[in-house]
Protein chains: 4
Amino acid sequence: MPSTFGNALRVTVFGQSHSEAIGCVVEGLPSGFAIDRERLSAFMARRAPGQGSWSTPRREADEPEFVSGINHDGRTCGAPLAAVIRNTNTRSRDYDNLLSVPRPGHADFTAWEKWHGNQDVPGGGHFSGRLTAPLCVAGGIVIQMLKTRGVRVRAHLLRVAGVEDEPFRAGLRTDAELLSQQIDALEERDGLPTIDPDAGERMLDAIDAARRDLDSVGGVVECVACGLPAGVGSPMFDGIENLVARAAFGIPAVKGIEFGSGFAAADVRGSENNDPFDATPDGPAPRTNNAGGILGGITTGAPILFRMAVKPTSSISRPQDSVNLATGKPEVLEVHGRHDPCIAPRAVPVAEAVCALSLLDAWLSFPPEGEQFTLGTN
Amino acid sequence: MPSTFGNALRVTVFGQSHSEAIGCVVEGLPSGFAIDRERLSAFMARRAPGQGSWSTPRREADEPEFVSGINHDGRTCGAPLAAVIRNTNTRSRDYDNLLSVPRPGHADFTAWEKWHGNQDVPGGGHFSGRLTAPLCVAGGIVIQMLKTRGVRVRAHLLRVAGVEDEPFRAGLRTDAELLSQQIDALEERDGLPTIDPDAGERMLDAIDAARRDLDSVGGVVECVACGLPAGVGSPMFDGIENLVARAAFGIPAVKGIEFGSGFAAADVRGSENNDPFDATPDGPAPRTNNAGGILGGITTGAPILFRMAVKPTSSISRPQDSVNLATGKPEVLEVHGRHDPCIAPRAVPVAEAVCALSLLDAWLSFPPEGEQFTLGTN
Amino acid sequence: MPSTFGNALRVTVFGQSHSEAIGCVVEGLPSGFAIDRERLSAFMARRAPGQGSWSTPRREADEPEFVSGINHDGRTCGAPLAAVIRNTNTRSRDYDNLLSVPRPGHADFTAWEKWHGNQDVPGGGHFSGRLTAPLCVAGGIVIQMLKTRGVRVRAHLLRVAGVEDEPFRAGLRTDAELLSQQIDALEERDGLPTIDPDAGERMLDAIDAARRDLDSVGGVVECVACGLPAGVGSPMFDGIENLVARAAFGIPAVKGIEFGSGFAAADVRGSENNDPFDATPDGPAPRTNNAGGILGGITTGAPILFRMAVKPTSSISRPQDSVNLATGKPEVLEVHGRHDPCIAPRAVPVAEAVCALSLLDAWLSFPPEGEQFTLGTN
Amino acid sequence: MPSTFGNALRVTVFGQSHSEAIGCVVEGLPSGFAIDRERLSAFMARRAPGQGSWSTPRREADEPEFVSGINHDGRTCGAPLAAVIRNTNTRSRDYDNLLSVPRPGHADFTAWEKWHGNQDVPGGGHFSGRLTAPLCVAGGIVIQMLKTRGVRVRAHLLRVAGVEDEPFRAGLRTDAELLSQQIDALEERDGLPTIDPDAGERMLDAIDAARRDLDSVGGVVECVACGLPAGVGSPMFDGIENLVARAAFGIPAVKGIEFGSGFAAADVRGSENNDPFDATPDGPAPRTNNAGGILGGITTGAPILFRMAVKPTSSISRPQDSVNLATGKPEVLEVHGRHDPCIAPRAVPVAEAVCALSLLDAWLSFPPEGEQFTLGTN
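In this text, all values refer to a predicted model and were calculated from it rather than measured experimentally.

A. Region of interest: the side chain of Asp278(A). You can see Asp278(A) is positioned in strand S10 (residues 277–280). Only 2.7 Å separates the side chain of Asp278(A) from the side chain of Arg287(A), close enough to count as a polar contact. Not counting the four nearest positions on each side in its chain, Asp278(A) is found in contact with Arg173(A), Gly283(A), Pro284(A), Ala285(A), Arg287(A) and Val323(B).

In structure tokens, the structure reads:
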């Protein structure tokens, strides 16, 4: 079974929750780029466990070792970049009973149906949320590369447990400056990644309440990418929506995705949902952005905007009905081990990672004809 | 730019709205299958224009000619199956002004940005909804193949212009019989594809109202696939959600997709959203189906359930602001030609087609280990 | 089973010898190119049956109909180009006994082992040499596109039945002018495609002798491509050799391929086989070209040079030992129908086609960084 | 630029000669297989440097660490298998002058043309023969897997510096036992991998002579795979020849490949080259094997047989003409560092690796319909 996506830019993710290491191979990265390791660490830290009261105490550094793909000058060299992150807490015994009793809402059961007992069970094996760490290594590098061309990629928690953050101001061309300020604000936020700090506080309260109930909550992550030129992408099956959606559903717990006005578009009329074009000094440009920056799979030049639904963490400590796979008998399962009561906050940088990876892949693979991506100055 | 998707089963779509023909090549179809041409025609007819007052008068037969892939006995032969549908209304003059003035909400603008004037403009070119006809040819055949293994695939209009149909009863294992009856009912429906005929009537009224206003409406299509074994699919980027989503966003006007409880999962707790397992005579099985039949990208054996958001038809007859690409000056555009005031009804069989194609591809490419798909008896 | 190759430029071939039609879909062609139909027909004619005494009387025009991929101005439009060639002699009865008695040296037997009787047998089905016609459609277009950038692709019969033609003068940089004259001469040749007309005459005699003996002969085709820039291709599995070889083995009857000095390199020393570099006004360039224009999978700027071994036509009229698949009993087979006593001459333009397709794919997919292929002026 | 090949079974190779590590990711391996680490080490040792007088003193253990893909029981688990081999001699200074003066016959020049100085130069970077070590890790595992189904894969030196070994007895069905004995003998050979020990001795002498002359020699490697069922593979571009050739040209220094009678087929008549079918207790089978076990890209059940041409090592210590890339001036280059005077012996296990990987990929991806590969008992 493959764990690969992308065309001209291709990412392969490997590892299990309790294998020796996890990591990724990235093929097709532009050469000559000096990765800012400090910025990458800061990006990785946003996904790491143990960032606050809503998460478990941090135990692993998650620093990737780049074992290949870097030249003698410390720059990308055109050969596949391989990053390895050691698992320091391998072979935990917390998971012993999961070997035979699948957790509701988790892939334990389907992995068993697929590999008939050969799968690596502890910690979720290859299905673990931990596999998003190498995705963030690859994505964090690509975010830096896109930055050299003026593209900014940012996500926030739009909703958690019923608490709403202010949405991105990505719906009006004339709001570009306001959107930029929202992104600036998010870059400086310390706690939960919300535009409105107060919303973040209330989300924390709601998450805490779920934790005290031995339960969990889900959320909606909203992601924006500004600065992409028009003309990137492809009709039909390799459009921006197709590529981003395929990658986003690779994030465990994501169960829905929508672009621009998304599901809300189903309830309005065409005259409201269509984005009229204005003549601007830079040429025609859409006035509004219900399209989420994409028409016919191809970028319009307006911000790419999407939202993903993140289900509540399936590993909860409450007793749950399950079945012992060995005996076929019902069994009440209590999941031990530490789990995030809400995985959505840590999914925020992962959303940025898959967005950036998909967009750079589209730009390299399906550029406006004759205008392939090249690196700008750092 | 490719127009291909799939792994072991691969579909390539070709054609433009006004080219000589449109069609598809399907590689990897199991051999020895006698296509039921009558059933295929009936399936195609559900997508065809001109079915009722909510659509334009039918003008094209849309009968595919199978130019290859069939053996001397009329069965699939293992070689690529190519289907060609002639365009009989090519080179219409209705679209003349679209050559230089892009329709808001349509891909005219992005195609121009991508191909700098070389794209084929009339009727939307390769972006036309007409390209879903070959998708339905491929999908209609695969629906028949899946049927030999007891898999049923069906979609309906869950919502149009605020009018709601009864949802699929796919959330409880014990509702299987009720779900089956809903599918039976849909198979016998004549008008709009709704489970509740009354909802269909009210949707028609709402669509008519939009048409009278020279406007359009969108909708939500819900699709279910029952009878798939557990263990089909792959973790990460080739799971059922990834494959279905990638294909579904190939349908023009789709702007969102969700599986199982989808976006609603973001607002409930894990204890509500997790599906407990029951011991059944056939082994462990999920009691509820908030997962939409998919955990970790792999089928649970419960019905696959997803919903797609279809935006209102972008081609409307009201005057809209646009820009003349040749002069760079603003221009008010009035779109002539006949267009569906709501495209969602015709997207219903297309949803079934992409669902079936993605599921058979998953079954052939990523089966439960050692249990690859083979045809059952017709 | 797929019949597709290529990355950014992808070719899918469909059809059987006796299906309604054969054809191809080409995805990723640069847009804005006006195909010279006359030159394409001339190219196709070199592959067509019935060109001379060494071939069967011509019966089919093999003119492709472009059903998609061309815009209103007659230029490529960025959407997939689909070409359909009708089979006018379908369902011949010449092949009746082949349904159950496989021809030695042909794929009848392996197709039966693979598809258990479902395969399309008459005329070789999807394995027929006739499937090289759509390859030539795709390749003929791409040869024209490469020409706009100064790239010439040409092949000839290096050897047939022991008769040798003069080889290409592609081994010395200073011979560029001589090589160019050889290509010029081949462009004007009427009979068999040899540089030395006398060699062509003697090959004809040898082929005639084989025909009179109800037998067949093989040959070696040599192909050259001049004018490619240095830096095209990729290390390891997507280098020029990998791409060309993968495509070339798609031509029925090809059983070997070698680049540059090829198998002869195995018998010389490094000091003889290495190509020293000279300082030239255009920068460093290899003095000799034992590498066949490729080092590490990447072009050196010297001519790409390869040779393919074409086995003798397997369909011969002599009685041959075989086995009846239905009864399992031995049976002596006499193959009726008209067959070329030597397929190598018609493989010459096909070699050019796969060479051009592979090179443009490499140039689009793996260009010198930042220097992707764009069309020159026609 | 990708370094990946395969379909259902996919191998990605990473690393540079002097990066921290080299390695591979293998996706799609059947689960539940316990790798015999001792046998794998023995296989890797055949490729390792320092095996005898014809090679340099061994310095690196080349033991792969499996960082993922193995479950808690030590068996393959269905998730991607990642193997990492540390480079212990990184950042050597032997290669300083190669940074600006490309070695004739090596990829230094083309890498510079491709990446404009960003490539990793020392030791050949990603082009180094050292990258065949991870190929052997992947291939060595797959050879073990194929063994469980009775498939044996073996290669030998057919020719080095004009010295010929006895060829494989793979041309007559009735020679199966003799072929088996040849393979047995090769499995027990200590020195150069030849069937005739005396040929090995004479090859060693010829290699020594070249070394004393500060020069190098090439060779031909012949590889056989016995025991594959009929019906594996695909027509056109995914046949056995296509897949093996694509992978084989990923081995540095390979410049040609031929299957069965190969180039010799070009010089005989069809009546000699066709393989007649016999009725055998196991069904129809080819009497001779000029086809090398492949017709129409699909296995016949006879041994797969191919030969690859390996050019003489390009890194030789003799002074060679080159050009300084920085100054553009001619410069005489003397390559320091230790290099094998003949790389062909170490290419022997690599040929087995790419053969096994390609064949298992074909068996998993394109099996006889309904008969996909499953592991036998170990």
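B. Just the interface of chain A and chain C, in detail. Taken together, the contact between chain A and chain C spans seven residues of the former and seven residues of the latter. With both chains or domains summed, chain A and chain C bury close to 540 Å², and 36% of this area falls on carbon and sulfur atoms. Summed over the three residues of chain A that lose the most area to chain C, namely Ser31(A), Glu369(A) and Gln372(A), the buried surface amounts to 62% of that side. For the pair chain A and chain C, the interface holds zero salt bridges. Linking chain A with chain C are two residue pairs in polar contact (both at pLDDT 80 or more). Looking at side-chain class alone, the side of chain A that touches chain C contains two nonpolar, four polar and one charged residues.

C. Representation of unusual backbone geometry in the model. All names here are of chain A. If you check the backbone angles, Ala161 has positive phi at about 50 degrees while not being a glycine. Among the structural elements, Ala161 can be located in the loop between strand S6 (152–160) and strand S7 (163–164). With relative accessibility at 28%, the residue Ala161 sits in the partly exposed group. One non-glycine residue, Ala253, lies in positive phi territory at about 85 degrees.

D. Up close: the packing of aromatic side chains. Scanning the entire structure with this criterion turns up 30 aromatic pairs over all chains. With 5.0 Å between their ring centres and 70 degrees between their planes, Trp363(A) and Phe373(A) make a pair best called edge-to-face. With Trp363(A) in helix H8 (residues 344–365) and Phe373(A) in the segment after H8, the pair connects residues that are 10 residues apart, well separated along the chain. Exposure remark for Trp363(A): the relative accessible area of 2% places this residue in the buried category. Phe373(A) gets classed as buried once you look at its relative accessible area, which sits at 4%. Each member of the aromatic cluster is reached from another via a ring pair, and the members are Phe109(A), Trp112(A) and Phe277(B). Here Lys114(A) stacks its cationic end above the ring of Trp115(A), 5.9 Å away from the centre of that ring.

E. How the structure looks around the confidence of the model for chain A. Taken over all residues, the pLDDT of chain A has a mean of 93, while the share at 70 or more is 94%. Scored as a complex, the prediction yields pTM 0.97 and ipTM 0.96.

F. How the structure looks around the UniProt feature "binding site: FMN" (unreviewed entry) in chain A. Residues given the UniProt feature "binding site: FMN" (unreviewed entry) here are His126(A), Phe127(A), Ser128(A), Gly296(A), Lys311(A), Pro312(A), Thr313(A), Ser314(A), Ser315(A) and Arg338(A). Annotated residues spanning 213 residues; largest pairwise C-alpha distance 43.9 Å, indicating distribution over more than one region. Within the secondary structure, Phe127(A) sits in the loop between helix H2 (108–115) and helix H3 (132–147). With a relative accessible area of 12%, Phe127(A) lands in the buried category. Non-local contacts of Phe127(A), meaning those with residues more than four positions away in its chain, are made with Ala107(A), Ala111(A), Trp115(A), Pro252(A), Pro235(B), Gly296(B) and Ile298(B).

G. Fine view of the relation of the copies chain A and chain C. Once turned by 180 degrees and shifted 0.0 Å along the axis, chain A lies on chain C with an RMSD of 0.0 Å. Those values place the two copies in the arrangement expected of a two-fold rotation axis. A symmetric contact is evident, with 100% of the interface residues of chain A recurring at the interface of chain C.

H. View of the sheet that holds strand S5 (residues 81–86) of chain C. Residue and element names in this part refer to chain C. Pairing in this open sheet of five strands is antiparallel, and the strands run S1-S2-S3-S5-S4 from one edge to the other. Each end of this open sheet is capped by a strand with a single partner; those strands are strand S1 (4–6) and strand S4 (65–68). Across this sheet, the average inter-strand angle for adjacent strands is 20 degrees, counted without regard to direction. Alignment of S4 against S5, held across three bridges, turns out to be antiparallel. Paired with Ser68 across the bridge in S5 is Ala82. Against the sheet, helix H3 (residues 132–147) touches S1, strand S2 (10–15), strand S3 (21–27), S4 and S5, its axis set at about 35 degrees to S3.

I. The arrangement of the environment of Val221(D) in detail. Residues and elements named next belong to chain D. Among the structural elements, Val221 can be located in strand S8 (residues 219–226). Each C-alpha atom, one on Val221 and one on Leu157, is 4.7 Å from the other, the two residues being 64 residues apart in sequence. If we ignore the near neighbours within four places in the chain, the residues touching Val221 are Ala155, His156, Leu157, Leu158, Phe306, Arg307, Met308, Val310, Ala344, Ala347, Val348 and Ala351.

J. Representation of the relation of the copies chain A and chain B in the model. Its rotation angle being 180 degrees, the transformation that places chain A on chain B also includes 0.0 Å of axial translation and leaves an RMSD of 0.0 Å. Residue by residue, 100% of the interface of chain A is reproduced at the interface of chain B, so both copies engage with the same surface.

K. Focus on the interface of chain A and chain B. Of the residues lining the interface, 104 residues belong to chain A; the matching set on chain B comes to 104 residues. Between chain A and chain B, a total of about 8100 Å² is buried, with carbon and sulfur atoms accounting for 62% of that surface. The interface formed by chain A and chain B holds 10 salt bridges in total. For the salt bridge of Glu241(B) with Lys255(A), the shortest nitrogen-to-oxygen distance reads 2.8 Å.

L. Spotlight on the nonpolar core. With 177 residues, the main nonpolar core has Ile257(A) and Ile257(B) as its most contacted residues. Setting aside residues up to four positions removed in sequence, Ile257(B) forms contacts with Phe249(A), Gly256(A), Ile257(A), Phe263(A), Val244(B), Ala245(B), Ala248(B), Phe249(B), Phe263(B), Phe306(B), Arg307(B) and Met308(B). Core analysis: the second largest hydrophobic core is formed by 176 residues, Ile294(C), Met308(C), Val151(D) and Leu157(D) among them.

Cut-off values and rules
- Residues numbered from 1 in each chain as written.
- Chains lettered and ligands numbered in written order.
- Predicted model: local features only at pLDDT ≥ 70, side-chain atom pairs only at ≥ 80, totals over all residues.
- Heavy atoms only, no water.
- Helix = DSSP H or I, 4+ residues; strand = E, 2+ residues; numbered from the N terminus.
- Polar contact = N/O pair within 3.5 Å; in protein donor to acceptor, adjacent residues only side chain to side chain.
- Contact = heavy atoms within 4.5 Å.
- Buried area = accessible area lost by both parts, 1.4 Å probe.
- Salt bridge = Lys/Arg side-chain N within 4 Å of Asp/Glu carboxyl O.
- Nonpolar A, V, L, I, M, F, W, Y, C, P; charged D, E, K, R; others polar.
- Buried < 20%, exposed > 50% of the residue type's maximum accessible area, 1.4 Å probe, protein only.
- Phe/Tyr/Trp six-rings, centres within 6.5 Å; stacked < 30°, edge-to-face > 60°.
- Lys NZ or Arg CZ within 6 Å of the ring centre and 35° of its normal.
- pLDDT = per-residue confidence, 0-100.
- UniProt positions renumbered as here; feature names shortened; annotations may be inferred.
- Least-squares fit on C-alpha atoms with pLDDT ≥ 70 in both.
- Pairing = 2+ DSSP bridges.
- Axes fitted to C-alpha atoms, helices over the stretch in contact; angles between N-to-C directions.
- Core = buried A, V, L, I, M, F, W, Y, C linked by side-chain atoms within 4.5 Å.

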